[in-house]
Amino acid sequence: MLLNIALAVVTGLLLILIHPRFDAALLAPFAPAPLLYALAREWSPRRRFFLGYIAGVVFWAGMCYWIHFVMSVHGRLGPVLGAGVFLLFCLLKGLHLGVFGLLGGILMRRSYAVAAIPPLWVAIERIPDPFGFMWLHLGNAGVNMGVPMRLAPLTGVYGLSFLFAMMATALTLIALGRPRVQLAPVALVLIPLLLPRLPDPQQPSSTAVSVQPNIDETAQWTAEMVAQLNQSLEYLSLKKALESRPRLILWPEMPAPIYYYDDPPLRERVAQIARLTGAHVLMGTVAYNDKKAPLNAALIVAPDGRVLGRYDKMFLVPFGEYIPAPFGGIATRITNEIGDFVPGERVVTFKTGADTVGPFICYESAFPHLVRRFVLEGATVLVNLSNDGYFGRTAAREQHLQLVRMRAAENRRWILRATNDGITATVDPAGRVVQRFEPFRQDSFIAAYSAVADLTRYSRWGDWFAWTCAAGAVVALLGSQVPAYRRVSPNMP
């Protein structure tokens, strides 16, 4: 049992190493293998669940270590209470891999394991989290791999997860000395070679100005400070916009009292910027619904100063914008807004002349099934307004950018990423970072992009592959019980 526990821990560690900050992506096809080997050796369902659970807890503790920093510092809990909340988070998130261990141990004993384990892995990734937190999947490690990334526009990130899980299963079966015929389905890993290549780098045809205000997360705002911030945003916008004549000016999500609807001077300032530059101004702001509950919103102002529309963030950040049910009374939100934010109700795109902009806000980049809906609604360019300042200088910034890159490749869209203090960047339709601007610096940047109208299969069909995998996993699990049932009831027809 001790060896099996060690193998589960190794899988947890490998799953950490394949993502930022270590970026040892070549280990992705090996990462699940130690856990799979341990599951194949373990007959007890309870122990199989425990092995998967251990791997899950180790993974989430190492991957999202920055949550302790966020809760301790910005959540004002201090290091001890912050550690308690972080531990509870890891214990809850570990349940997903615990379920994988429980069920995967059954399938590892079957002759069709190499065809059944990958769908189960994908199904576990896609099943909604009980308290709404989603982050990096196994497949995200392939964002720099040209051939595996050919799957992204067809299957989303889940196709890459399937690919790596299948390779890991095949390696495990070889280590277990299984008959070679059981490895036959691994030929599926060659499918990406038959798919279209990633689009070549192209010369962008349009420009935007991304404003990076570099606002301190801990600032205690006064009226004078807010006035100075508004002046700074105006200066940073005009500084680059008057020389480049962009189509868009982007203000990110900011840890500041930016209340467009409640601040007449700010409204006039934004309208003046739009008129002077002839650009559409897309900005993060706080809005309110009919019940006066706060919304995290993206609002766009036309070149004539009119508000064209508003998108209200639909997927909120646990602890950042609301407290998940298991943590009520234990933790506090890291933002200063009075009352929990409430989610928006619909996807909104903005028509800006020849382009249609799809704005998704910050952490929404973790949800592929949401981002593709902006493209399905006509977005020819995607914009991610974000504030990663709460992450400090942790690996969470690079992890967040990796999510954005996968969303670009899945939908074959340029993504303009405007952030408070970095990482402000431009990502092309292949998921390549074309421009990356210096973080922790107050400045504005010219971001180049192009509009793209074609729809990928993933944009059209969404998570068809993930749900097909879920159905396949159910069939495989039910089929695994047939031989045992026949042994118990040999006379049944």
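If you're wondering where the values come from, they're calculated on a predicted model, not measured in any experiment.

Caption draft 1: Quick look at the overall build of the protein. For the protein, the count of helices and strands is 15 helices and twelve strands. For a compact globule of 493 residues, the expected C-alpha radius of gyration is about 23 Å, and the protein comes in at 24 Å, within 12% of that figure. Dimensions of the protein, computed from C-alpha atoms along their principal axes, come out at roughly 80 × 50 × 40 Å. Classification of the 493 residues of the protein by burial places 59% in the buried group. In the protein, the share of contacts with a sequence separation of at least 24, taken over all contacts with a separation of at least 6, comes to 72%. By element, 62% of the accessible surface of the protein is carried by carbon and sulfur atoms, the whole surface being about 19,800 Å². Computing the positive centroid from 45 side-chain charges and the negative centroid from 33, the protein places the two 11 Å apart.

Caption draft 2: Summary view of the pairing of strand β9 (residues 415–419). Of all five residues that make up β9, five are buried, and the element is covered over most of its length. Burial along β9 is two-sided: Ile415, Arg417 and Thr419 facing one way and Leu416 and Ala418 facing the other are all buried. The pairing of strand β8 (residues 381–386) with β9 spans five bridges and is parallel. The partner of Asn384 across the bridge, within β9, is Arg417. In this view, the connection linking β8 to its parallel neighbour β9 by way of helix α13 (residues 396–411) has right-handed handedness. The loop that links β9 with its antiparallel partner strand β10 (residues 425–427) comprises five residues; one of these, Gly422, has a positive phi angle of about 110 degrees.

Caption draft 3: Focus on the packing of aromatic side chains. Counted under the stated rule, the structure contains 22 aromatic pairs. Ring centres of Phe162 and Phe465 lie 5.5 Å apart, and the angle between their planes is 75 degrees; on these two criteria the pair is classed as edge-to-face. Highlighted residues: Phe162 in helix α9 (residues 157–175) and Phe465 in helix α15 (residues 464–488), separated in sequence by 303 residues. Note on accessibility: Phe162 and Phe465 belong to one class, buried. Grouping aromatic residues by their ring pairs yields a cluster made of Phe59, Trp60, Trp66, Phe86, Phe89, Phe133, Trp135, Phe315, Tyr363, Phe367 and Phe391. One Lys or Arg, Arg109, reaches over the ring of Trp43 and ends 4.0 Å from the middle of that ring. Note that Arg393 overlies the ring of Phe440, its terminal NZ or CZ placed 3.9 Å from the centroid.

Caption draft 4: Region of the structure containing empty space enclosed by the protein. Counting across every chain of the model gives two cavities of 30 Å³ or more. By volume, the largest cavity is sized at about 310 Å³. Lining the largest cavity are 19 residues, with Phe59, Trp60, Glu125, Leu136 and His137 sitting closest to its centre. Only α3 (45–63), α6 (95–107) and α7 (113–126) provide two or more residues apiece to the lining of the largest cavity. Among the elements that line the lining of the largest cavity, the one with the most residues is α7, at three residues. Residues that form the lining of the largest cavity fall into these classes: 13 nonpolar, three polar and three charged. Approximately 40 Å³ is the volume found for the second largest cavity. If you trace the second largest cavity, you find it lined by Pro199, Asp200, Pro201, Gln202, Trp414, Asp428, Pro429 and Arg432.

Caption draft 5: Just the sheet that holds strand β4 (residues 294–301), in detail. Strand order in the open sheet made by the six strands is β5-β4-β3-β2-β1-β12, with mixed pairing throughout. Here the strands that pair on one side only, and so sit at the sheet edges, are β5 (307–312) and β12 (443–449). Taken pair by pair, the neighbouring strands of this sheet meet at an average axis angle of 25 degrees, ignoring direction. As paired strands, β4 and β5 are joined by five bridges and run antiparallel to one another. Bridge pairing in β5 places Ala297 opposite Asp312.

Caption draft 6: Representation of the layout of surface pockets. In this structure, the second largest pocket occupies an estimated 260 Å³ of space. For the second largest pocket, the lining is made up of 13 residues, of which Asn289, Leu295, Arg310, Asp312 and Glu345 are closest to its centre. Looking at which element gives the most residues to the lining of the second largest pocket, the answer is β5, with three residues. Residues that form the lining of the second largest pocket fall into these classes: five nonpolar, two polar and six charged.

Caption draft 7: A look at the packing of helix α2 (residues 33–41) against α9. The geometry of α2 relative to α9 is characterised by a closest axis approach of 9 Å and an angle of 50 degrees between their N-to-C directions. Between α2 and α9, the interaxial angle falls into the category oblique. Relative to α9, the crossing made by α2 is right-handed. Residues Ala33, Leu36 and Tyr37 of α2 form the contact with α9, whose participating residues are Ala168, Thr169, Thr172 and Ala175. Among the residues forming the contact of α2 with α9, the class breakdown is five nonpolar, two polar and no charged.

Caption draft 8: View of unusual backbone geometry. A cis amide bond links Pro20 to the next residue, Arg21, at an omega of 20 degrees. Structurally, the position occupied by Arg21 is in the loop between α1 (2–17) and α2. In the segment running from Gly422 into Ile423, the intervening peptide bond is cis, with an omega of 10 degrees. One can find Ile423 in the loop between β9 and β10. In this structure, Asn214 is a non-glycine residue whose phi angle is positive, near 55 degrees. In this structure, Asn214 sits in the loop between β1 (206–212) and α10 (223–244). You will see that Phe440, though not glycine, has its phi angle at about 55 degrees, which is positive. Take Phe440: it is sitting in the loop between β11 (433–436) and β12.

Caption draft 9: Representation of the sheet that holds β8 in the model. With respect to topology, six strands assemble into an open sheet ordered β6-β7-β8-β9-β10-β11, the strand pairing being mixed. Here the strands that pair on one side only, and so sit at the sheet edges, are β6 (350–352) and β11. Geometrically, the sheet is characterised by an average inter-axis angle of 25 degrees between neighbouring strands, direction not taken into account. Note that strand β7 (residues 355–361) and β8 share five bridges and pair parallel. Bridge pairing in β8 links Pro359 to Val383. Contacts from helix α12 (residues 368–376) reach β7 and β8, with the element oriented near 160 degrees to β7. Running over the sheet, α13 touches β8, β9, β10 and β11 and is turned about 155 degrees from β9.

What counts, and at which threshold
Residues numbered from 1 in each chain as written. Predicted model: local features only at pLDDT ≥ 70, side-chain atom pairs only at ≥ 80, totals over all residues. Heavy atoms only, no water. Helix = DSSP H or I, 4+ residues; strand = E, 2+ residues; numbered from the N terminus. Rg over C-alpha atoms; globule rule 2.2 N^0.38 Å. Buried < 20%, exposed > 50% of the residue type's maximum accessible area, 1.4 Å probe, protein only. Contact = heavy atoms within 4.5 Å. Areas by Shrake-Rupley, 256 points an atom, 1.4 Å probe, with all protein chains shown as cover. Lys, Arg positive; Asp, Glu negative; His and termini not counted. Charge placed at Lys NZ, Arg CZ, Asp CG, Glu CD. Pairing = 2+ DSSP bridges. Right-handed = clockwise from strand over helix to strand, strands pointing away. Phe/Tyr/Trp six-rings, centres within 6.5 Å; stacked < 30°, edge-to-face > 60°. Lys NZ or Arg CZ within 6 Å of the ring centre and 35° of its normal. 1 Å grid on protein atoms, 1.4 Å probe; cavity = no way out; pocket = protein on both sides within 12 Å on 5 of 7 lines; lining within 4 Å. Points joined across faces, edges and corners; volume = space filled by probe spheres on them. Nonpolar A, V, L, I, M, F, W, Y, C, P; charged D, E, K, R; others polar. Axes fitted to C-alpha atoms, helices over the stretch in contact; angles between N-to-C directions. Parallel < 35°, antiparallel > 145°, perpendicular 65-115°, else oblique. Left-handed = near helix turned anticlockwise from the far one by under 90°.

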